[in-house]
Amino acid sequence: MLHKLAAKLAALRSDRGEGPVPYIILVGLVALVAVFVGGAIMVIAEGWVGDLPEGPNP
């Protein structure tokens, strides 16, 4: 029984031969989403800063 469990666990940990391409695509998608989120945050922040009232100039 333990031998069968060890064989199944070894099969789960073995290399499936996918190669680096799926990981490169995943990293590219994450980077694209990060750039989009960063741009959205900049637009929102610039809008908020534009709404701030001007203070007295010293």
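Residues numbered from 1 in each chain as written. Predicted model: local features only at pLDDT ≥ 70, side-chain atom pairs only at ≥ 80, totals over all residues. Heavy atoms only, no water.

A. Local environment of the overall build of the chain. Check the secondary structure of the chain and you find 2 helices and 0 strands. Only carbon and sulfur atoms are counted for the fraction: they give 74% of the accessible area of the chain, which is about 5700 Å². (Helix = DSSP H or I, 4+ residues; strand = E, 2+ residues; numbered from the N terminus. Areas by Shrake-Rupley, 256 points an atom, 1.4 Å probe, with all protein chains shown as cover.)

B. Quick peek at a nonpolar patch on the surface. Among the surface-exposed residues, L2, L5, L9 and L12 lie close enough to one another that they form a single nonpolar patch of about 420 Å² accessible area. For L12, the location among the structural elements is in helix α1 (residues 2-13). According to the relative accessible area criterion, L12 is exposed, its value standing at 57%. (Patch = residues over 30% accessible without salt bridge, like charges linked within 9 Å, V, L, I, M, F, W, Y side chains within 5 Å. Salt bridge = Lys/Arg side-chain N within 4 Å of Asp/Glu carboxyl O. Buried < 20%, exposed > 50% of the residue type's maximum accessible area, 1.4 Å probe, protein only.)

These results come straight from atomic positions and should not be treated as a statement about function.
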